[in-house]
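# Coordinate analysis (summary)
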Amino acid sequence: MIARNEDAGGGINAKRFVAVMPEDQPREYISTFNKFQVKLPDNPLRYSATPNADVSDGVWGESGINTDNVAMSSTETEFTNTTMLGLDPLVPDGIGEEAMLTVTLPYIHSAREGVKRLGAFVTKYGTCESNGIAFSDSDEVWYFETVGGHHWAAERIPDDSYAVAPNQTGIQEIDFNDPEHYMYSDDLKEFAEKNHLNKGRKGFNFRDIFGEDTQADHYYNTPRVWYGQKMFNPEIEQDPESRTMPFTRVADHLISVEDIAFFLSSHYQGTDFDPYGKTGTEESRLRYRPIGMNRNQEMHILQIRPGFPAEHAAIHWLAEGVNEFNAPVPFFANCTDTPDNFKNTPLRTTTESFYWLNKLVAMLADPFFAEHDLEAMFAVSESRKFGFANGRAAVATADAEFKNISADKVTDWHNQVNEKIANTITENVKDLLHQLVLMRAEKMVPTFEKGGEL
């Protein structure tokens, strides 16, 4: 599983969920974001994606799974230190997050191949920003990071481990004699040696050599690593502001979809840093950047299940809106279409769009959470539990039915399964919205409890 939150610069950046057919894939990509341009092969695979509703400033495909069961998540902005940026500047019209999924995912047949294809793009065209990208297939998970304009490295995440990656460089020691677990731009080591970038007395710590470590990181980034590792390794005591927390750890338990969704919706619950909390101080509750926050647009958990036939192994779990108040919907990725209220997202608020429906819920629920209104908090909790339970039930039911579906009917059947679970969870979210409207109506400022009508 690989998973991410896509956060926008502001509170609203409407998203869609689509299945991109080979005939709809461009043969030349020209970015409306920064004019990055590249010719593409003639044999793209079908793939799922979560592009912007408004593509006038770029596609921003961000997350998806192709028909060879390779998943890609490309939503993570990172930052290279100023020394490296001076020596290898960013390239304004180079490849960026906006284009990465569209020009990479339809053409790769393994996670390892994804690293090589994207690495070749960064080396040849340069990149306009620093990013962290995840690839996975049924056997491997790779994490890829760019530094400067033309350099990169990728690490295979150990099979028994997890990684937490906020908006900062994460990869640590690179073993240049272990191509099974590390890949990198051809001149990475020589470039660092030539420019005396490695301050360590031994080893090659990619994070320390190329990453940033500013005071802002200790409030914006490292606390998120701390909370994730606190969830998955509660036995380990660490400083929320430490820059030396390891990139990968072995969790004290096997990690589930629900664990990941809870982490990606978390806001330091149970600590003095919870903005909705009652403990700590006003300062501590606002000290750190939470993971679940107003700028969440979509959360994806891309699951490739090794124990299932290839045509039924991939699930693109998707939540939209603000993650404290939602639950991910499981979509079988081997589909040729997506439900109307997921693929059609207008730029104007409407309850007929899943994205906007969830944003409306968040707008109403947030003040209730700030007020510690237990009735409203319970309603949100029950709605989320319903979403998780029904998502799991839909997957279990489909797994049981799959053995009776002929091979030539699988994609159409997946379309139907996806439509059914989307409808169920959509109605649940509409019910929650209605409950919150009724509760909020009783809390309006201009009100008067006693007296007759005028």
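As annotated in an unreviewed UniProt entry, the protein chain is Dipeptidase from Lentilactobacillus kefiri. Of the comments in the UniProt record for the protein chain, the one headed Catalytic activity (unreviewed entry) reads "an L-aminoacyl-L-amino acid + H2O = 2 an L-alpha-amino acid".

## As for unusual backbone geometry
Positive phi is not limited to glycine here, since Asn69 has a value of about 60°. The residue Asn69 is located in the loop between β6 (63–65) and β7 (71–78) in this model. Positioned with a positive phi, Tyr268 is a non-glycine residue whose angle comes to about 65°. Position of Tyr268 relative to the elements: it lies in the loop between α8 (257–264) and α9 (282–285).

## Description of a negative patch on the surface
A surface patch of like charges, here negative, comprises Asp186, Asp187, Glu190 and Glu193. Residue placement: Glu193 occurs in helix α4 (residues 188–194).

## Looking at the pattern of salt bridges
Counted according to the given criterion, the structure contains 19 salt bridges. For Asp340, the salt bridge is made with Lys343, and the minimal N-O distance between the two is 3.7 Å. Of this pair, Asp340 and Lys343 both sit in helix α10 (residues 340–343), 3 residues apart, which is roughly one turn of the helix. Among the ionic pairs, Glu371 bridges to Arg440, the shortest N-O distance being 3.0 Å. In this pair, Glu371 is assigned in the loop between α11 (354–370) and α12 (374–402) and Arg440 in helix α13 (residues 410–441), connecting sequence segments 69 residues apart.

Rules and cut-offs
Residues numbered from 1 in each chain as written. Predicted model: local features only at pLDDT ≥ 70, side-chain atom pairs only at ≥ 80, totals over all residues. Heavy atoms only, no water. UniProt positions renumbered as here; feature names shortened; annotations may be inferred. Helix = DSSP H or I, 4+ residues; strand = E, 2+ residues; numbered from the N terminus. Patch = residues over 30% accessible without salt bridge, like charges linked within 9 Å, V, L, I, M, F, W, Y side chains within 5 Å. Areas by Shrake-Rupley, 256 points an atom, 1.4 Å probe, with all protein chains shown as cover. Salt bridge = Lys/Arg side-chain N within 4 Å of Asp/Glu carboxyl O. Lys, Arg positive; Asp, Glu negative; His and termini not counted. Charge placed at Lys NZ, Arg CZ, Asp CG, Glu CD.

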